[in-house]
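What follows is the residue order along each chain.
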Amino acid sequence: MTMPTTLADWLTYLESLHPKTIALGLERVAQVKQRLNLQPAFPVIIVGGTNGKGSVCAMLESILHAAGYRVGCYTSPHLLDYNERVRVSKHQANDAELCAAFKQIEKVRGDIPLTYFEFGTLAAMQMFMQQKVDVAILEVGLGGRLDAVNVFDADCAVVTSIDIDHVDYLGDTREKIAFEKAGIFRAGKVAVFGDPDVPLAIRSEAERIGAELWCIGTEFGFTSHQGQWDFRGKKASRSGLPFPALRGAYQLNNASAVLAALDVLKGKMPVSMEAVRRGLVEVALTARFQTVPGKPALILDVAHNPHAAHSLANNLAALPPCPKTYAVCAMLKDKDMAGVVAALKSQVDVWLVAGIDVPRGASAEELGQVLANAQAGEILRFPTVTEALHHAYNQAGENDRIAAFGSFYTVAEVMRARGLRSA
């Protein structure tokens, strides 16, 4: 075959390669990794968890960058452009770099089918090695044990939180999900756990393989006071820290896990207090309780499961009161729609629900029915997120607010409609 030449053509090709979007298992990706000889000599931090992965990756990247290191960061999914997934020194990969990496993988893969995510994961590591990064941060796509990033060995593994999500792939209990997330732990290495409620499977897996487990509240933790916070870790303490620029009380859990991970690597990669402070203040992450200035205010949040929806509800409740909150919401039908609605209904006055035009997308009717069952108040239905958003802007007064959430697809469509760029 002739190889694709543009990034758009490559991405279309990658989507067609494997019959399934998600096919968990490491055998195929490990074979191609071996053919490419992807053996990174630099430290690798792998970040998993139900919620908070993106925030932890962004803070790690921001602090290590402020400390002068050349940082490779691989995250998913993207909001607007695929290039967002791969960054070196805080710069998104350009089309030519991604195409070159895809080409190298295509040359060696032979007849081994790779999913879109597996292809992308190998391409990211290929680029990080070519561009001689000092450290790579890899975000787990789904689960951990069988996720493509787990084909690489973490010098430090971070699991941010455990809650119920992706039950079709990971199981329907917190313990089953914890077992999958713990798959990124490695023998003789530290695993950082950032959720105060520690599942048994996290402890037993760490013990079984011989990983050293650091849990928030025991091996490390934080105290917050009057606009600052203090971190205490196993190896060091840092006090008088600024709150992270990412909003929400739970971000101190995430920031503590970040500082614990940096403690793990401090022998190889020391980080000064100044770099920690700068990194926390300068961190940016699109659509994690992000307020877009204007009247009415627009809040973007990719919350798509009950755990994240509770955090969003708490953040909305902490804002100054406003006359009305309009929710522009669209979700995937394999998510716990009822759980998300239950978490947020006390914070929303008017629901504007829409369909998402992807195979897993719930229709406005399906989501509207969930809201009606929950007696969630006024519900308006729209074919698309853009139409729901336009209606919200037409109806809302300048002191009202509009919150857009439910899926990465929802937020991406709102961003496009408003002409916004990702961070």
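This one's a predicted model, so the numbers in the text were calculated from it and none came from an experiment.

### Observations concerning the environment of Asn-150
Right, on to step 1. Here Asn-150 is to be found in the loop between β5 (135-139) and β6 (156-159).
Right, on to step 2. Sequence separation between Asn-150 and Thr-5 is 145 residues; the distance between their C-alpha atoms is 29 Å.
Right, on to step 3. Contacts of Asn-150, omitting those with residues within four sequence positions, involve Leu-26, Gly-144, Arg-145, Gly-183, Ile-184 and Arg-186.
Right, on to step 4. A polar side-chain atom of Asn-150 sits 3.0 Å from the main-chain carbonyl oxygen of Arg-145.

### Side note on the nonpolar core
Right, on to step 1. Among the nonpolar cores identified, the biggest contains 60 residues, and Leu-14, Phe-102, Leu-122, Phe-128, Leu-138 and Phe-185 are the most heavily contacted of them.
Right, on to step 2. Tallying contributions element by element places helix α5 (residues 116-130) first for this core, with nine residues.
Right, on to step 3. In this view, Leu-138 contacts Val-44, Ile-45, Ile-46, Val-47, Tyr-74, Met-125, Phe-128, Val-149 and Phe-152; residues no more than four positions away in its chain are not counted.
Right, on to step 4. Formed by 43 residues, the second largest nonpolar core is a distinct cluster that contains Trp-214, Phe-220, Ala-257 and Leu-259.

### Here's the deal with unusual backbone geometry
Right, on to step 1. The omega torsion across Ser-76 and Pro-77 is -10°, close enough to zero to call that bond cis.
Right, on to step 2. Structurally, Pro-77 can be placed in the loop between β2 (71-74) and β3 (86-88).
Right, on to step 3. Along the chain, Lys-295 connects to Pro-296 via a cis peptide bond; the corresponding omega equals -5°.
Right, on to step 4. As for its position among the elements, Pro-296 is in the loop between β12 (290-292) and β13 (297-300).
Right, on to step 5. At Lys-132, a position not held by glycine, the phi torsion is positive, near 50°.
Right, on to step 6. Its place among the elements puts Lys-132 in the loop between α5 and β5.
Right, on to step 7. Positioned with a positive phi, Phe-289 is a non-glycine residue whose angle comes to about 45°.
Right, on to step 8. For Phe-289, the location among the structural elements is in the loop between α10 (273-282) and β12.
Right, on to step 9. Classification of Phe-289 by relative accessible area gives buried; the value is 3%.

### Looking at the packing of aromatic side chains
Right, on to step 1. Summed over the entire model, instances satisfying the criterion amount to ten aromatic pairs.
Right, on to step 2. Aromatic pair Tyr-82 and Phe-102: ring centres 6.0 Å apart, planes at 65°, arrangement edge-to-face. With Tyr-82 in the loop between β2 and β3 and Phe-102 in helix α4 (residues 95-109), the pair connects residues that are 20 residues apart, well separated along the chain.
Right, on to step 3. With relative accessibility at 3%, the residue Tyr-82 sits in the buried group.
Right, on to step 4. Judged by its relative accessible area of 0%, Phe-102 is buried.
Right, on to step 5. Grouping aromatic residues by their ring pairs yields a cluster made of Trp-10, Tyr-13, Tyr-82, Phe-102, Tyr-116 and Phe-119.

### Quick word on the sheet that holds β6
Right, on to step 1. Reading across the sheet, the eight strands line up as β4-β3-β2-β5-β1-β6-β7-β8 and stay open at both edges, with mixed pairing between neighbours. What marks the edges here is a single partner per strand, and that holds for β4 (91-92) and β8 (212-215).
Right, on to step 2. One ladder, built from four bridges, connects strand β7 (residues 190-193) with β8; its direction is parallel. Each residue of the ladder has a partner; that of Val-192, found in β8, is Trp-214.

### Overview of the environment of Leu-252
Right, on to step 1. Topologically, Leu-252 is positioned in helix α9 (residues 251-264).
Right, on to step 2. Contacts of Leu-252, omitting those with residues within four sequence positions, involve Phe-222, Ser-224, Trp-229, Phe-243 and Pro-244.

### Overview of the state of the cysteines
Right, on to step 1. Scanning the model with the defined rule gives zero disulfides in all.
Right, on to step 2. Not engaged in a disulfide, the cysteine Cys-57 finds its nearest cysteine sulfur in Cys-73; these two sulfurs lie 5.1 Å apart.
Right, on to step 3. Overall, Cys-57 belongs to the buried group, its relative accessible area being 0%.

### Concerning the pairing of strand β15 (residues 350-354)
Right, on to step 1. Where burial is concerned, most of β15 is hidden: five out of the five residues are buried.
Right, on to step 2. Burial along β15 is two-sided: Val-350, Leu-352 and Ala-354 and Trp-351 and Val-353, pointing in opposite directions, are all buried.
Right, on to step 3. Each parallel crossover has a hand, and for strand β14 (residues 325-329) linked through helix α12 (residues 337-344) to β15 it is right-handed.
Right, on to step 4. As defined by bridge partners, β15 adjoins strand β16 (residues 378-382) across five bridges and the pair is classed as parallel. When the sheet's bridge partners are listed, Val-353 is paired in β16 with Arg-381.

### Thoughts on the packing of helix α2 (residues 27-36) against α5
Right, on to step 1. Interaxial distance between α2 and α5 falls to 10 Å at its minimum, and their mutual angle equals 25°. What the angle tells us is that α2 and α5 run roughly parallel. Like other packed secondary-structure pairs, α2 and α5 cross with a definite hand, here right-handed. Between α2 and α5, the residues in contact are Arg-28, Val-29, Val-32, Lys-33 and Leu-36 and Glu-118, Leu-122 and Gln-126, respectively.
Right, on to step 2. Considering only residue class, the contact of α2 with α5 consists of four nonpolar, one polar and three charged.

Quick notes on the rules
- Residues numbered from 1 in each chain as written.
- Predicted model: local features only at pLDDT ≥ 70, side-chain atom pairs only at ≥ 80, totals over all residues.
- Heavy atoms only, no water.
- Helix = DSSP H or I, 4+ residues; strand = E, 2+ residues; numbered from the N terminus.
- Contact = heavy atoms within 4.5 Å.
- Polar contact = N/O pair within 3.5 Å; in protein donor to acceptor, adjacent residues only side chain to side chain.
- Core = buried A, V, L, I, M, F, W, Y, C linked by side-chain atoms within 4.5 Å.
- Buried < 20%, exposed > 50% of the residue type's maximum accessible area, 1.4 Å probe, protein only.
- Phe/Tyr/Trp six-rings, centres within 6.5 Å; stacked < 30°, edge-to-face > 60°.
- Pairing = 2+ DSSP bridges.
- Disulfide = S-S within 2.5 Å.
- Right-handed = clockwise from strand over helix to strand, strands pointing away.
- Axes fitted to C-alpha atoms, helices over the stretch in contact; angles between N-to-C directions.
- Parallel < 35°, antiparallel > 145°, perpendicular 65-115°, else oblique.
- Left-handed = near helix turned anticlockwise from the far one by under 90°.
- Nonpolar A, V, L, I, M, F, W, Y, C, P; charged D, E, K, R; others polar.

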